[in-house]
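A structural walkthrough
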Amino acid sequence: MDIAYFTKTLEGLPLEKAAEITAGLGFDCADLLIRDGHAVSPDRPEGIANAVKFFAAAGVRTSMATIDSARPDDAASRLLSCCGEAGIGQIRLGFWRYDPSRRWRVQVDEARRDLDGFERLADRFGIKLTIQLHGGTLHSSGALAVQLLAGRDPIRLGAYPDPANQIIREGSEDWRLTLDILDPWFCCMGVKNSGWFPGAYGSHGQRAWHSDWYGLDEGMVPWNEIVPHLVATGFTGVLSMHSQYRVSREQALDKVRADLAHFRRLVAAAKE
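A brief report on the enclosed structure follows. (Residues numbered from 1 in each chain as written. Predicted model: local features only at pLDDT ≥ 70, side-chain atom pairs only at ≥ 80, totals over all residues. Heavy atoms only, no water.)

**Side note on the overall build of the protein chain**
Our working rule: Secondary structure counts use DSSP, requiring at least four H or I residues in a row for a helix and at least two E residues in a row for a strand, with both numbered from the N terminus. We take the radius of gyration over the C-alpha atoms and set the globule estimate at 2.2 Å times the residue count to the 0.38 power. Exposure is judged per residue with a 1.4 Å probe applied to protein chains only, and the accessible area is read against the type maximum: over 50% gives exposed, under 20% gives buried, and values in between give partly exposed. Throughout, a contact is declared for two residues whenever any of their heavy atoms are within 4.5 Å. Note that accessible areas follow from Shrake-Rupley with a 1.4 Å probe, and for residues the cover is restricted to the protein chains shown. Positive charges come from Lys and Arg, negative ones from Asp and Glu, while His and the chain ends are left out of the count. Every charge is mapped to an atom, namely NZ of Lys, CZ of Arg, CG of Asp or CD of Glu.
What the protein chain contains, in helices and strands, is nine helices and 10 strands. For a compact globule of 272 residues, the expected C-alpha radius of gyration is about 19 Å, and the protein chain comes in at 19 Å, within 12% of that figure. Across its three principal directions, the C-alpha atoms of the protein chain cover 55 × 45 × 40 Å. When each of the 272 residues of the protein chain is scored for burial, the buried share is 52%. Taking the contacts inside the protein chain whose residues are at least 6 apart along the sequence as the reference set, 77% of them involve residues at least 24 apart. Total accessible area on the protein chain stands at roughly 12,500 Å², and carbon and sulfur atoms take up 49% of it. Of the side-chain charges in the protein chain, 31 are positive and 35 negative, and the distance between the mean point of each set is 2 Å.

**Quick look at the side chain of Arg-156**
We apply this condition: In the analysis that follows, any N or O atom pair within 3.5 Å is treated as a polar contact, provided that within protein one partner can donate a hydrogen and the other can accept it, and provided that, for residues neighboring in sequence, both atoms belong to side chains.
By the secondary structure assignment, Arg-156 is in the loop between helix H5 (142–149) and strand E6 (157–160). With a relative accessible area of 19%, Arg-156 lands in the buried category. In this structure the side chain of Arg-156 is engaged in a polar contact, spanning 3.2 Å, whose partner is the backbone oxygen of Ile-127. In this structure Arg-156 touches Glu-119, Ala-122, Asp-123, Gly-126, Ile-127, Lys-128 and Leu-129, once residues within four positions along its chain are discounted.

**Points about the nonpolar core**
Soluble, globular proteins show a tendency: their nonpolar side chains are buried together. Note the following rule: Here, the term nonpolar core denotes a set of buried Ala, Val, Leu, Ile, Met, Phe, Trp, Tyr and Cys residues that are joined through side-chain atoms within 4.5 Å.
Counting residues in each nonpolar core, the largest one holds 77 residues, and the members touching the most others are Trp-223 and Phe-263. Excluding residues that lie within four positions of it along the chain, Phe-263 makes contacts with Ile-3, Val-191, Leu-216, Trp-223, Val-227, Leu-239 and Met-241. With seven residues, the next largest nonpolar core counts Ala-4, Met-64, Tyr-160 and Val-238 among its residues.

**A word on the pattern of salt bridges**
Here is the rule: Here a salt bridge means any side-chain nitrogen of Lys or Arg lying within 4 Å of a carboxyl oxygen belonging to Asp or Glu.
Scanning all chains against the criterion turns up 17 salt bridges. In this structure, the salt-bridge partner of Arg-152 is Glu-119, at a minimum N-O distance of 3.1 Å. Placement of the pair is Arg-152 in the loop between H5 and E6 and Glu-119 in helix H4 (residues 104–125), with a sequence separation of 33 residues. We note that Arg-152, like Glu-119, is buried. Among the ionic pairs, Asp-123 bridges to Arg-156, the shortest N-O distance being 3.6 Å. With Asp-123 in helix H4 and Arg-156 in the loop between H5 and E6, this pair connects stretches of sequence that are 33 residues apart. With a relative accessible area of 51%, Asp-123 lands in the exposed category.

**Here we look at the environment of Ser-41**
The residue Ser-41 is located in the loop between strand E2 (29–33) and helix H2 (47–57) in this model. With 26 residues separating them along the chain, Ser-41 and Ile-67 place their C-alpha atoms 9.7 Å apart. Setting aside anything within four residues of it in sequence, one finds Ser-41 in contact with Ile-34, Arg-35 and Asp-36.

Given below as C-alpha cells:
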C-alpha cells in the first residue's frame, strides 16, 4: 500500500517547499492537487512534470494526482496527457453533482456519457482515473458509484471510497458493503476521520447536530477494523491521507504527523 499525502493543505506554497514538507512529514508518496492557487495550476499543465521532479528530489514519489475535471474536453485531455507523461499513473477526477431539481436517471446517463469519454482518454494515455465517494454527488456511496462504473474496465476507471466523507454525508453505508460493491474497481481510499457532535436546542425544542473532522484515532471511522481488512486482502492501491482540520497550517501538519504515525501502527499490528 502507498500512503500518499494529499497536498491540499500546502495551498499557496512553491513546489520546492511543498515537496520538502511532504518528505518531512514522513510520507513516501504524494497525491498532487492540481488546482488554482496551488503549486500546480490546471491552466499550466506543463508544471506537472516539474512538480514530480521536485518531489522526487525530496525523496517522494508522486503516486497520484487530483484534478477537478468532470468533462472529457480538450483541457482535461491536456491535463491527463501531462500526468501520464510525468509518470503519474492514477488521477482522481472531479465530481458529478446531484441536482435535486432534475431526474436522477437523466443525470446518471449524462455522467456515464462523460465517463465514456474519460475511459477513452485513460486508454489513450495509459493511466487510471478514479471516482471519489463524496457528499452532494451522484457517487456519494458505493451503491451509487457502481451505477457509474458498471461495465467499465477497472484497469482504466477505478473507485475511491472515502469512509470519513461517507459518515458525515448522505453516502453512509457499512464500509464492508462499500468495498464489496466496488470490487474490482476499488483502487484508492481517502484516509481521514470525522464525526458528529450535539449542538444547542433550537426555538422549537429540536437539538442541532454538527459534523467536524477528527484525528484518525478519535472519529467515527473504525480504522482499527478497516486497516486489518486491507492488509488481509492484500490491498496494493493508494491510501491518500487528507488534512481537513480547520486550524492553522502548522497545527494541521502536527495533526497529520500524528495521523500518519497512528496509521502505520495499525498496519504494523495487522501484519503481526
